[in-house]
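An overview of the molecular structure
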Amino acid sequence: MLRCRGRLSIYEAQGKFQLLVDAAEPAGAGELQLAFEQLKARLQSEGLFDAARKRPLPFLPRVIGVVTSPSGAAIRDIVQVIRRRFPSRILLAPAAVQGDEAPAEIVRALGRLAEQEDVDVIILGRGGGSIEDLWAFNDERVARAIAACPKPVVSAVGHEIDFTIADFVAD
């Protein structure tokens with residue numbers, strides 16, 4: 001989607017309106033996609049996506065921290081999969097996963113779980129959605145909190161076709 005600035009005129013030969021565009025810029029999802037690509041390039045150049053800085057995941061974690069909404073479907077799915085695969089204690093740090101307040105809440109929740117000595121790994125999760133719905137996981141504060149977290153972080157955001165900055169920074 002583009003936001004265009006220009007003027008309307010009439011093409012007299014055919015009696016049709018035409019838009020003479022002076023400037024165009026991405027808008028809506030296009031604007032967000034551009035912001036995503038710019039942040040991705042910057043963080044990649046800083047080394048936040050480098051395999052060398054990734055922490056190893058524990059083979060059989062005893063305590064798994066989860067950052068997500070306590071009322072969404074994602075927490076139910078995460079709990080089901082963990083219980084089916086191996087017995088682990090789950091420690092939920094609730095956070096909004098959408099909206100303006102979500103990035104700050106996610107950062108605080110990551111921090112709370114990072115301080116828990118017995119947490120072996122942290123899952124950052126939410127279900128799928130549009131680029132706008134997942135935007136909190138494309139926030140620079142969230143990316144830097146994941147990179148700084150002393151515990152390994154697994155990104156479980158969106159569906160297989162969804163990619164966020166959190167996915168690239170996570171372990």
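See the structure printed just above.
A tally of regular secondary structure across the chain gives five helices and six strands. The helix and strand sequence of the chain, counted from the amino end, reads β-β-α-β-α-β-α-β-α-β-α. A compact globule built from 171 residues would reach a C-alpha radius of gyration of about 16 Å, whereas the chain, at 21 Å, exceeds it by more than 25%. Along the first, second and third principal axes, the C-alpha set of the chain runs to 75 × 35 × 25 Å. For the chain, the proportion of contacts with a sequence separation of at least 24, taken over those separated by at least 6, is 68%. Surface summary for the chain: the accessible area is close to 10,100 Å², and the carbon and sulfur share equals 55%. Distance between charge centres in the chain, computed from 21 positive and 23 negative side chains, equals 4 Å.

A separate point is the packing of aromatic side chains. Describing an aromatic ring pair means giving the distance of the ring centres and the angle of the ring planes. Under the criterion given, the structure shown has two aromatic pairs. Taken together, the ring pairs connect Phe 49, Phe 163 and Phe 168 into an aromatic cluster.

The interhelical angle for the contact between helix H3 (residues 102-114) and helix H4 (residues 140-148), taken along N-to-C directions, is 10°, at an axis separation of 9 Å. With respect to H4, the element H3 is oriented roughly parallel. Between H3 and H4, the contacting residues are Pro 103, Ala 104, Ile 106, Val 107 and Leu 110 on the first element and Arg 141, Val 142, Ala 145 and Ile 146 on the second. The class makeup of the residues in the contact of H3 with H4 is eight nonpolar, no polar and one charged.

We now examine the sheet that holds strand S5 (residues 121-126). The four strands are arranged S4-S3-S5-S6 in an open sheet whose pairing can be described as parallel. Whereas interior strands pair on both sides, the edge strands pair on one side only; in this sheet they are strand S4 (89-94) and strand S6 (153-157). Taken over all neighbouring pairs, the strand axes of this sheet differ in orientation by 25° on average, direction set aside. The sheet contact formed by strand S3 (residues 63-68) and S5 spans four bridges and is parallel. Looking across to S5, one finds that Val 66 is bridged to Ile 123. Its contacts with the sheet place helix H2 (residues 73-85) against S3, S4 and S5, and it is angled at close to 165° to S3.

Here the focus is the nonpolar core. By size, the foremost hydrophobic cluster in this structure holds 34 residues, and its most contacted members are Val 67, Ile 106, Leu 110, Ile 122, Leu 124, Phe 137 and Ile 146. Where this core is concerned, the elements lending two or more residues are helix H1 (29-45), S3, H3, S5, H4, S6 and helix H5 (165-169). Among the nonpolar cores identified, the runner-up in size contains eight residues, and Ile 64, Val 66, Ile 82 and Val 121 belong to it.

Next up on the list: the pattern of salt bridges. Working definition: two side chains of opposite charge can pair if their charged atoms are close together. Applying the stated criterion across every chain yields a total of eight salt bridges. The partner of Asp 118 in a salt bridge is Arg 89, with the nearest N and O atoms 2.9 Å apart. Placement of Asp 118 in the loop between H3 and S5 and of Arg 89 in strand S4 is noted, with a sequence separation of 29 residues between them. Since its relative accessible area comes to 28%, Asp 118 is described here as partly exposed.

A few words now on H2. In this model H2 runs 19 Å from its N-terminal to its C-terminal C-alpha over 13 residues, within 8% of the 18 Å that 1.5 Å per residue would give. Listed as buried for H2 are Ala 74, Ile 75, Ile 78, Val 79 and Ile 82. Taken down its axis, H2 places every buried residue within 130° of arc, on the same side. Opposite the packed face of H2, turned more than 90 degrees from it, sit the exposed residues Arg 76, Gln 80, Arg 83 and Arg 84. Where H2 is buried, its residues touch S3, S4 and S5.

Parameters at a glance
- Residue numbers run consecutively from 1 along every chain, following the written order of its sequence.
- A pLDDT threshold of at least 70 governs which residues receive local features in this predicted model, and a stricter bar of 80 or more applies before side-chain atom pairs are shown or counted, although totals over entire chains, interfaces and linings include all residues.
- Values shown for side chains rest on all heavy atoms present in the structure; no hydrogens or waters enter the calculation.
- A run of H or I in DSSP counts as a helix once it spans at least four residues, and a run of E counts as a strand once it spans at least two, with each numbered from the N terminus.
- Atoms considered for the radius of gyration are the C-alpha atoms alone. The globule rule reads 2.2 Å times the number of residues to the power 0.38.
- Here, residues are in contact when the closest pair of their heavy atoms is within 4.5 Å.
- Note that accessible areas follow from Shrake-Rupley with a 1.4 Å probe, and for residues the cover is restricted to the protein chains shown.
- Positive charge is attributed to Lys and Arg, negative charge to Asp and Glu, and no charge count is given to His or to the chain ends.
- Just so you know, the charge point we use is NZ for Lys, CZ for Arg, CG for Asp and CD for Glu.
- Under the pairing criterion, centres of Phe, Tyr and Trp rings, with the six-membered ring standing for Trp, must be within 6.5 Å; the plane angle then separates stacked pairs below 30 degrees from edge-to-face pairs above 60, leaving the rest tilted.
- Interaxial angles span 0 to 180 degrees and are taken between N-to-C directions of axes, which are lines fitted to C-alpha atoms, for helices over the stretch in contact.
- Angles are sorted into four bins: roughly parallel if under 35 degrees, roughly antiparallel if over 145, roughly perpendicular if 65 to 115, and oblique for all others.
- Gly is put with the polar residues, along with every residue not named as nonpolar or charged; the nonpolar set is Ala, Val, Leu, Ile, Met, Phe, Trp, Tyr, Cys and Pro, and the charged set is Asp, Glu, Lys and Arg.
- Here, any two strands with at least 2 DSSP bridges between them count as paired.
- Take the buried residues of types Ala, Val, Leu, Ile, Met, Phe, Trp, Tyr and Cys, join any two whose side-chain atoms come within 4.5 Å, and each joined set is a nonpolar core.
- Each residue is placed in one exposure class: buried if its accessible area under a 1.4 Å probe, protein chains only, is under 20% of its type's maximum, exposed if it is over 50%, and partly exposed if it falls in between.
- When a carboxyl oxygen of Asp or Glu lies within 4 Å of a side-chain nitrogen of Lys or Arg, that pair is called a salt bridge.
- The span one expects for a helix is its residue count, reduced by one, times 1.5 Å.
- Regarding the arc, it is the one traced by the directions from the helix axis to the C-beta atoms.

Such coordinate-based values are descriptive only and should not be taken to indicate function.
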